[in-house]
Amino acid sequence: MSLELLDDFQESNNPDGYQACYNCGQTNYDKITFSFWGGMLGPKMFNHVKCNSCGSTYNGKTGQSNKQAITIYVAITLIVGLIIGFFIIQL
Ligand SMILES: [Zn+2]
């Protein structure tokens, strides 16, 4: 496959102009609209996409793994949940 053809191929699969997968270098992904860790908001916040070639999930804007961002997001969600739960118990 020539470089030109590869460019066309990537463009057709990449309407958002996102970065290639950090793991395998392919630009062939599906946007994730819902995840167990972030519901519908989390994946949107982190431009979370799933690579169709190797199955890795990553940030489409940066092309890097979202693991750190997800860890922080989940930690904040848990803390906020605990605080809200604490106040509900006090009522
Ligand atoms: Zn990949």
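Residues numbered from 1 in each chain as written. Predicted model: local features only at pLDDT ≥ 70, side-chain atom pairs only at ≥ 80, totals over all residues.

Colleague: So what's going on with the overall build of the chain? Residues and values would help.
Modeller: The number of helices and strands found in the chain is three helices and three strands. Put simply, the chain runs from its N terminus to its C terminus through helices and strands in the order α-β-α-β-β-α. Scored against the burial criterion, the 91 residues of the chain give a buried share of 16%. Of the contacts made within the chain by residues no fewer than 6 positions apart, 43% connect residues no fewer than 24 positions apart. (Helix = DSSP H or I, 4+ residues; strand = E, 2+ residues; numbered from the N terminus. Buried ≥ 20, exposed ≤ 12 C-beta atoms within 10 Å, placed from the backbone. Contact = placed C-beta atoms within 7 Å.)

Colleague: If you had to explain the nonpolar core to someone new, which residues and values would you point to?
Modeller: Cys21, Tyr29, Val49, Cys51 and Tyr58 together form the largest nonpolar core, which totals five residues. The residues contacting valine 49, other than those within four sequence positions of it, are Tyr18, Tyr29, Asp30, Lys31, Ile32, Thr57, Tyr58 and Gly60. (Core = buried A, V, L, I, M, F, W, Y, C linked by C-beta atoms within 7 Å.)

Colleague: Would you mind going over unusual backbone geometry in detail, with residue names and values included?
Modeller: What is expected of a backbone is that most residues other than glycine have negative phi and most peptide bonds are trans. Phi at asparagine 47 is positive, roughly 50°, even though this residue is not glycine. Of note, asparagine 47 is situated in the loop between helix H2 (41–45) and strand S2 (48–51).

Colleague: Quick rundown of helix H3 (residues 67–90)? Include the residues and the values.
Modeller: Taking 1.5 Å of rise per residue, the 24 residues of H3 would be expected to cover 34 Å, and the 35 Å separating its terminal C-alpha atoms lies within 8% of that figure. Among the 24 residues that make up H3, zero are buried, leaving the element largely open to the surroundings. (Expected span 1.5 Å × (residues − 1).)

Colleague: Summarise the pairing of S2; cite the residues concerned and give the values.
Modeller: Judged from the three bridges that link them, strand S1 (residues 29–31) and S2 form a sheet pairing that is antiparallel. Residue pairing across strands places tyrosine 29 opposite cysteine 51, the latter belonging to S2. (Pairing = 2+ DSSP bridges.)

Colleague: Outline the sheet that holds strand S3 (residues 57–59), listing residues and values.
Modeller: One open sheet accounts for three strands, arranged S1-S2-S3; its pairing is antiparallel. Only two strands of the sheet have a single neighbouring strand rather than two, namely S1 and S3. The sheet shows a mean angle of 35° between the axes of neighbouring strands, taken without regard to direction. (Axes fitted to C-alpha atoms, helices over the stretch in contact; angles between N-to-C directions.)

Colleague: Please set out the confidence of the model for the chain residue by residue, giving values where relevant.
Modeller: For residues with low pLDDT, the predicted coordinates do not support detailed interpretation. Of all residues in the chain, 86% have pLDDT values of 70 or greater, and the mean over the chain is 90. Mean pLDDT across the elements of the chain bottoms out in helix H1 (residues 3–12) (58) and peaks in S3 (98). (pLDDT = per-residue confidence, 0-100.)

Colleague: Kindly report on the environment of glycine 60, identifying the contributing residues and their values.
Modeller: Inspection of the secondary structure assignment puts glycine 60 in the loop between S3 and H3. Remark: the alpha-carbon pair of glycine 60 and threonine 27, spanning 33 residues in sequence, is separated by 9.5 Å. Once you skip the residues sitting within four places of it in the chain, glycine 60 turns out to touch Asp16, Tyr18, Gln19, Tyr29, Asn47 and Val49.

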